[in-house]
Each structure stands twice: as structure tokens, then as C-alpha cells.
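Working through the structure, step by step
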Amino acid sequence: MAPTTVTPGTSDAFKPGSFTPRPIIMCGPSGSGKSTLIKKLFAEFPETFGFSVSHTTRKPRPGEQDGKDYHFVTRELIQKEVAEGKFVESAEFAGNIYGTSFAAINNVLSLGRHVILDIDMQGVLILQNKLQSSTTSAAPLFPSPPLFLFIAPPSVEALESRLRGRGTETEESLQNRLSIAKKELEWGLKSGSVDSVVVNDDVEKAYVELKTAIFG
Ligand SMILES: Nc1ncnc2c1ncn2[C@@H]1O[C@H](COP(=O)(O)OP(=O)(O)OP(=O)(O)O)[C@@H](O)[C@H]1O
């Protein structure tokens, strides 16, 4: 049987203005297919989803615009704002700091779009902790509750073969990703860790499950 698809014109659940925009947190082991699924969502629903603009301390490349491609900031500023709790997550990569601020996410939500975030398990745990502490505070972190989704590979063996097939990893980084993946799977598949788990065996089937998790 052909998989059911959410087709424009047959449902209002994805039309701008007819849903409450939420942060959608996608996590799952490296190679589980997060980018593949996110790309499909943006291609099918370009008006429904938005990207948050990240901050970085690296210098702009030719053609890059401040506030559009990135918020280009100094190391001092981002470190201060991270310490003040203004960032959902931040990380140092190749000598530069990158991060996603709550303000960047809320900007997308204020445009009436769901905002998709691809965050690793450590980042999700930190965010879930912050959300828990913020329930007692007057200022919530987001205007609507985030949806936590875990994208799982069908098996660790399939994950390994996909990562090898992608051809982006050295043997060392592959082994490192696999050992982190085992811990992430243990956490993600445990009841209560996330709102929904999507097992990415067949990509089209996983995509339908993802849309059901988001649009209901
Ligand atoms: N259902 C699937 N069946 C087979 N291959 C898949 C499937 N889904 C994704 N892939 C392939 O697996 C590889 C990893 O997918 P992808 O890059 O989307 O993972 P990711 O979770 O975004 O990884 P990372 O966190 O490292 O960015 C890619 O080469 C992709 O084309």
C-alpha cells in the first residue's frame, strides 16, 4: 500500500496561521537520518517551518550577511550571553563558538512557523532541565511547549553501514559516533525521554511517521 502523505489542500494542520508554532527538537544518533528527514520537511512545507539564525564568532565569508546567515559576534559577547542562560546550546568547533539563542528561536515562532532544531542528547538534557526549572518562573523559555522527537536507526549495524556509506567519517570518528550512538539509543528509546520516536528504516515510512508526530 502506498504511504499516506499530507497533501497541501487536504489538511489545514500545516498552513501558516492554522497551527500553534512550536520548537521541534530533533535528536538521535549521528547517521540516524535527521538531516535527510528535515530536508524533506522543508521541501514539502517551505512556509510551515523556519530555521533559527545561529550565532558564531567566526568571521563572515564573502556574501554572508549578519543577521541572515549568522549573527556574527565576539567571543566575549557570546560567552557572556551563554553564561546568562540566553542560549539553548553552544559549542566550540574548529576554534570558533557556535550557538542557538532562545531569541533566535522565538523570532521564527513569532513569524508563525515551527522552528526545527537538530540538537544532540547532551543539549536536549540541558534544555529539558532548563524547561523544568522555568515552569516555576514568570518568563517561560518559549511561548509554546517544544516537541521532542528522537530519530532512531533500525539497528546499530544499519547505522554503521549508513555512516560508512555517507563517506564523511574517518575510522576513528566513526567508532566514536557509534559508541555515543549506543548511549543515545539507550536514552532515546526509554519511555519518557522524548514525545515520539521515529524509527528510520524505510525513509518514506519514517517521513510519514514524522509528519504524524508533528501535525497529528
Ligand atoms: N532510511 C534510510 N535508509 C538508508 N539510508 C538512509 C536512510 N536515511 C538516511 N540515510 C542515509 O544515511 C546517511 C546519514 O543520514 P543523515 O546525514 O541524514 O543523518 P544525521 O542523523 O543527520 O547525521 P549527523 O547527526 O551526523 O548530521 C546519509 O548518507 C543518508 O542518505
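Residues numbered from 1 in each chain as written. Predicted model: local features only at pLDDT ≥ 70, side-chain atom pairs only at ≥ 80, totals over all residues.

Under an unreviewed UniProt entry, the name given to the protein is Guanylate kinase, and the source organism is Rhizophlyctis rosea. Under the Sequence similarities (unreviewed entry) heading, UniProt states for the protein: "Belongs to the guanylate kinase family." (UniProt positions renumbered as here; feature names shortened; annotations may be inferred.)

1. Digging into the pairing of strand S5 (residues 87-93)
Pairing between S5 and strand S6 (residues 96-101): six bridges, direction antiparallel. Bridging across to S6, glutamate 92 finds its partner in isoleucine 97. Connecting S5 to the antiparallel partner S6 that follows it, the hairpin turn spans two residues, and alanine 94 within it adopts a positive phi of roughly 50°. (Pairing = 2+ DSSP bridges. Helix = DSSP H or I, 4+ residues; strand = E, 2+ residues; numbered from the N terminus.)

2. Quick look at the site of the ligand
Around the ligand, 14 residues are found, and the nearest of them are Ser30, Gly33, Ser35, Thr36 and Arg162. Mapped by element, the contributors of at least two residues to the shell around the ligand are helix H1 (34-44) and helix H5 (156-166). Looking at the shell around the ligand residue by residue, the classes come out as one nonpolar, nine polar and four charged. (Near = placed C-beta within 6 Å. Nonpolar A, V, L, I, M, F, W, Y, C, P; charged D, E, K, R; others polar.)

3. Brief notes about the sheet that holds strand S3 (residues 55-56)
Taken in spatial order, the four strands of this open sheet run S4-S3-S6-S5, and their pairing is mixed. Edge positions in the sheet fall to strand S4 (71-72) and S5, since each of these pairs with one other strand and no more. Seen against the sheet, helix H3 (residues 102-110) touches S5 and S6 and runs at an angle of roughly 45° to S6. (Contact = placed C-beta atoms within 7 Å. Axes fitted to C-alpha atoms, helices over the stretch in contact; angles between N-to-C directions.)

4. A short note on the packing of H1 against helix H7 (residues 203-215)
Between two packed helices, what matters for the description is the angle formed by their axes and the separation of those axes. For the pair H1 and H7, interaxial distance at closest approach is 10 Å and the crossing angle is 65°. By crossing handedness, the relation of H1 to H7 is classed as right-handed. When H1 is examined against H7, the residues Thr36, Leu37 and Lys40 are found in contact with a partner set consisting of Val203, Ala206, Tyr207 and Leu210. Residue composition of the contact of H1 with H7, grouped by class: five nonpolar, one polar and one charged. (Left-handed = near helix turned anticlockwise from the far one by under 90°.)

5. With respect to the sheet that holds strand S2 (residues 49-50)
On the basis of which strands lie adjacent, the open sheet formed by five strands has the order S2-S7-S1-S8-S9 and parallel pairing. At either end of the open sheet lies a strand with only one pairing partner, and these are S2 and strand S9 (196-199). Bridge analysis of strand S8 (residues 147-152) against S9 gives four bridges, and the strand direction is parallel. Its bridge partner being in S9, leucine 149 is matched across the sheet by serine 196. Packing of H1 onto the sheet brings it into contact with strand S1 (23-27), S2, strand S7 (114-118) and S8, and relative to S7 it is tilted by some 165°.

6. Some thoughts on the pairing of S8
Of all six residues making up S8, five are buried, and the element is well covered by its neighbours. Sheet topology note: the S1/S8 ladder contains four bridges and is parallel. Following the sheet pairing, isoleucine 25 is matched in S8 by phenylalanine 148. (Buried ≥ 20, exposed ≤ 12 C-beta atoms within 10 Å, placed from the backbone.)

7. What about the domain arrangement of the protein?
Parsing the protein into structural domains produces domain 1 (8-48 + 113-216) and domain 2 (52-111). Spacing between the C-alpha centres of domain 1 and domain 2 amounts to 21 Å. Listed by partner, the interface residues are 13 residues for domain 1 and ten residues for domain 2. Those elements that place two or more of their residues in the side of domain 1 that touches domain 2 are S7 and helix H4 (121-134). At three residues, H4 tops the list of elements feeding residues into the side of domain 1 that touches domain 2. (Domains from an automatic or database assignment.)

8. Examining the confidence of the model for the protein
Close reading of the predicted structure is inappropriate where its pLDDT is low. Taken as a whole, the protein shows an average pLDDT of 91; of its residues, 94% reach a score of 70 or greater. Across the assembled chains, the prediction reports ipTM 0.97 with pTM 0.89. (pLDDT = per-residue confidence, 0-100.)

9. Looking at the environment of glycine 123
If you trace the backbone, glycine 123 turns up in helix H4. By the C-beta count within 10 Å, which is 18 here, glycine 123 ends up partly exposed. Spatially, the C-alpha atoms of glycine 123 and valine 88 are 7.6 Å apart, while their sequence positions differ by 35 residues.

10. Details of the nonpolar core
One finds Ile24, Ile25, Met26, Leu149 and Ile151 to be the most contacted residues of the largest nonpolar core, which totals 33 residues. Top contributing element to this core by residue count: S8, with five residues. Residue contributions to this core reach at least three from each of two domains, namely domain 1 (8-48 + 113-216) and domain 2 (52-111). Residues contacting isoleucine 151, with those up to four places away along its chain left out, are Met26, Gly28, Ser32, Gly33, Lys34, Leu37, Val198 and Asn200. (Core = buried A, V, L, I, M, F, W, Y, C linked by C-beta atoms within 7 Å.)

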